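Commentary on secondary and tertiary structure
Single-letter residue listing:
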Amino acid sequence: MSLATRNGTPAVDAPVNPPTVVRQRRVRPGLLGLAVLLIALGGLGAAFAVTSVRATGSYLAVARPVEVGREISAADLVTVQVAGGQGLRPVPATRIDEVVGKRAAVALLPGTLLTLGQVTDDPLLGPGQQQIALGLKTAQVPARDLHPGDKVLLVSTPDSDADTDAPAASTRFAAVVIDMVSPANDDKVLYLALLTRDVPAVVALAAEERLAVVLTEAA
């Protein structure tokens with residue numbers, strides 16, 4: 001190629017740069033196949049997640065309060081539709097015949113899903129035992145939550161009207177926790193299995209608010 005100058009000097013041949021060749025990168029077939037596979041798996045995972053969230057099923061829920069130890073009837077239950085309930089382990093509505101007739105192992109509260117762990121065929125009371133319910137203040141309970149099977153000791157506290165100079169004698173009663181419920185007022189209702197002979201004394205002390213609960217053995 002010749003270049004012309006402005007001052008009239010002869011044209012000078014200038015070197016011509018060779019064209020630039022852009023090399024195309026080869027795509028390895030193995031990597032391409034792996035990318036397609038990962039995209040497909042990601043799509044399947046997203047579809048499975050959406051399906052799991054949207055999936056609904058019919059399960060059993062508690063329709064009205066059921067006390068510990070009471071036999072469950074069909075009127076105590078209601079069928080509800082729950083999305084993604086599989087991870088919650090509630091009882092499917094189709095298994096209602098397996099639940100009706102059993103006893104409540106814990107207190108059943110309205111509006112909660114029913115699980116098989118909340119019902120039982122086993123007797124809640126042993127030979128010579130009776131069930132009692134104690135209403136206690138939070139400070140009278142040895143733990144935030146007591147669980148079925150925990151062993152406790154009920155200890156009588158001194159009578160505030162008694163002679164303070166006389167030695168205070170305390171009485172102890174062994175009991176087993178059946179369940180514990182926390183009402184809205186933050187007090188505790190403790191269901192206990194107690195020897196029949198101890199029931200009158202414990203009820204009298206509870207009425208006078210002269211009972212303390214000691215946890216002796218956790219289940």
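Residues numbered from 1 in each chain as written. Predicted model: local features only at pLDDT ≥ 70, side-chain atom pairs only at ≥ 80, totals over all residues. Heavy atoms only, no water.

Turning our eyes to something else, we now look at the nonpolar core. Within the largest apolar cluster, 19 residues are counted, with the highest numbers of intra-cluster contacts made by L134, L154, L190, L192, L194 and V202. Residues within four places of L154 in sequence aside, it is in contact with L134, T171, R172, F173, L192, L194, V202, L211, A212 and V213. With 13 residues, the next largest nonpolar core counts I72, L77, V91 and V99 among its residues. (Core = buried A, V, L, I, M, F, W, Y, C linked by side-chain atoms within 4.5 Å. Buried < 20%, exposed > 50% of the residue type's maximum accessible area, 1.4 Å probe, protein only. Contact = heavy atoms within 4.5 Å.)

Next up on the list: the pattern of salt bridges. For the coordinates displayed, the defined rule picks out nine salt bridges. Between R95 and E98 there is a salt bridge, and its shortest N-O distance comes to 2.9 Å. Residue class for E98 comes out partly exposed when judged on its relative accessible area of 39%. Note that K151 is salt-bridged to E217, the shortest N-O span being 3.9 Å. (Salt bridge = Lys/Arg side-chain N within 4 Å of Asp/Glu carboxyl O.)

Strand pairing within a sheet occurs via backbone hydrogen bonds; the two strands may be parallel or antiparallel. Taking strand neighbours across the sheet as the criterion, the five strands line up as 7-10-9-8-11 in an open arrangement whose pairing is antiparallel. Of all the strands in the sheet, the pair left with one neighbour each is strand 7 (129-136) and strand 11 (211-217). Direction aside, the axes of adjacent strands within the sheet are offset by 40 degrees on average. Two strands pair when backbone bridges link them, and strand 7 and strand 10 (residues 188-195) are joined in this way by eight bridges, in the antiparallel orientation. Bridging across to strand 10, Q131 finds its partner in A193. (Pairing = 2+ DSSP bridges. Helix = DSSP H or I, 4+ residues; strand = E, 2+ residues; numbered from the N terminus. Axes fitted to C-alpha atoms, helices over the stretch in contact; angles between N-to-C directions.)

For the rest of this paragraph, the subject is unusual backbone geometry. The phi angle at E209 is positive, at roughly 55 degrees, despite the residue not being glycine. For E209, the position within the fold is in the loop between helix 2 (199-207) and strand 11.

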